[in-house]
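Secondary and tertiary structure notes
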Amino acid sequence: KTQMPILSTQNYSIKNFGHKDYARRAYCSGMGRDRVAANKYHMTFWPLWVTPCSTCEMRYQIYAAMAYGAQGVVCFAYTPNRPNWKPNVDNYNDARDIHRTVADTFGPRVWGMRSPGVYHAPNADTPVTESKPAPGEIIERLETELLASPLVQEKDFYVEGGPHKPTYIMVVDKRTTEKNEDEPKPRTAHVEFGPQIKFVELLGPVTLPAGHIRHIDPAWSVPLELKAAGAAILGVDPPDMKQLLGDSADTYMAIVDRVRDMRQALRDKKIDLTAADKTLAEARSQAKDLAARVADAKPAAGEAAGQRQELVARLAARIDDLSTAIHLPPVETKPAAEPEMEPAPPMKAKKPKHK
């Protein structure tokens, strides 16, 4: 036990292990230990991340730490005379750009949050102690090489009976490259949420200006555009959904509830895929009729032009996504394999300088 309010460990796994799967696994294992200790003893943790590294590795270290509940990140820059920290060179530019994203988008939302646990897609880099997506969990399915973390407000986290419903979900792409390697291309990755969450709103990686059309989806199979080692943050169940939809709210919610009930009945094996496909086809037709009704809808006071049309269009797209998702095979959880590590070279004895 300790009274130290900040826990800060030097987690240099990304640099010390050349095998990328093992390095990411070791890094998140360290984050997991810090998260558990910080939550148990009411501490905050600020991990130290390592440089020099590739742009991907820098993004991954910082964004994964935030997903684990870190309230700050630290590195040893030493001096501007270090080549990788000179202005407009290498890690200097990377750190500047990531700092802007953190300061503008992720930081204000992650600040004051606790992570009760982190979900990993079942890959070779998955820590054995972390949660696996499964039916009934907050995260039911993740595409390969993703992690997702529910973030709960600290004032709610320690209430008896918690952790409670998250305020945000942070999703991080786990694809990394070493220096002088080409980054993997950006991708569209899907996340499926459990019945605890009804809607999610995309809030980052880019903070949109006031008055923009908000990107809100039913939380079935939600697509995210992610660069390698990039991240996204999602708001959970925006409180003003009915206000945004106006007189279309009841119809919209009825479609959402019908599809949600069908999805749960399919999980409980009360219906088969044929019945599920029929329900989705009917919901798709209802969404098409609703789209025609809102096509000429005028925005309410303070509402972005086209907001209702966007919400209905996204509903239709998510119905199509779910129609595909229910036919996918179940994800098999594979044990994280330990790569063979090369033995360290023998240390040579140093000759004394004096006679």
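Please refer to the structure higher up on the page.
Residues numbered from 1 in each chain as written. Predicted model: local features only at pLDDT ≥ 70, side-chain atom pairs only at ≥ 80, totals over all residues. Heavy atoms only, no water.

Both faces of the sheet carry side chains from a regular strand, because those side chains alternate between them. Of all 7 residues making up strand E8 (residues 187-193), 5 are buried, and the element is well covered by its neighbours. Taken together, the 3 bridges between strand E5 (residues 139-142) and E8 define a ladder with antiparallel strand orientation. When the bridges of E8 are listed, Ile 139 appears paired with Phe 193. Of the pairings in the sheet, the one linking E8 to strand E11 (residues 221-226) comprises 6 bridges and is antiparallel in character. From the neighbouring strand, Glu 192 faces E11, where its bridge partner is Ser 221. (Buried < 20%, exposed > 50% of the residue type's maximum accessible area, 1.4 Å probe, protein only. Helix = DSSP H or I, 4+ residues; strand = E, 2+ residues; numbered from the N terminus. Pairing = 2+ DSSP bridges.)

Okay, the nonpolar core next. Taken as a class, soluble globular proteins show a tendency for nonpolar side chains to be buried jointly. If you look at the biggest cluster of nonpolar residues, it comprises 39 residues, and the most contacted ones within it are Tyr 60, Tyr 63, Leu 147, Met 170 and Val 172. Counting residues per element, the ones that place at least two in this core are helix H2 (20-40), helix H3 (55-67), helix H4 (90-110), strand E6 (146-153), strand E7 (168-173) and strand E12 (231-236). Element by element, the count of residues in this core is highest for H3, at 9 residues. When residues no more than four places from it in sequence are discounted, the contact partners of Tyr 63 are Ile 98, Thr 101, Val 102, Phe 106, Met 170, Val 172, Ala 229, Gly 230 and Ala 231. One finds Leu 244, Met 253, Met 262 and Ala 283 within the second-largest nonpolar core, a separate group that totals 26 residues. (Core = buried A, V, L, I, M, F, W, Y, C linked by side-chain atoms within 4.5 Å. Contact = heavy atoms within 4.5 Å.)

Counted according to the given criterion, the structure contains 4 aromatic pairs. Relative to Phe 106, the ring of Tyr 63 lies with its centre 5.3 Å away and its plane at 70°, an arrangement referred to as edge-to-face. A residue pair is termed long-range when its members are at least 10 positions apart, and Tyr 63 in helix H3 and Phe 106 in helix H4 qualify at 43 residues. Comparing Tyr 63 with Phe 106 shows no difference in burial state: the two are buried. With a centroid separation of 6.2 Å and an interplanar angle of 25°, the aromatic rings of Phe 199 and Tyr 252 are classed as stacked. (Phe/Tyr/Trp six-rings, centres within 6.5 Å; stacked < 30°, edge-to-face > 60°.)

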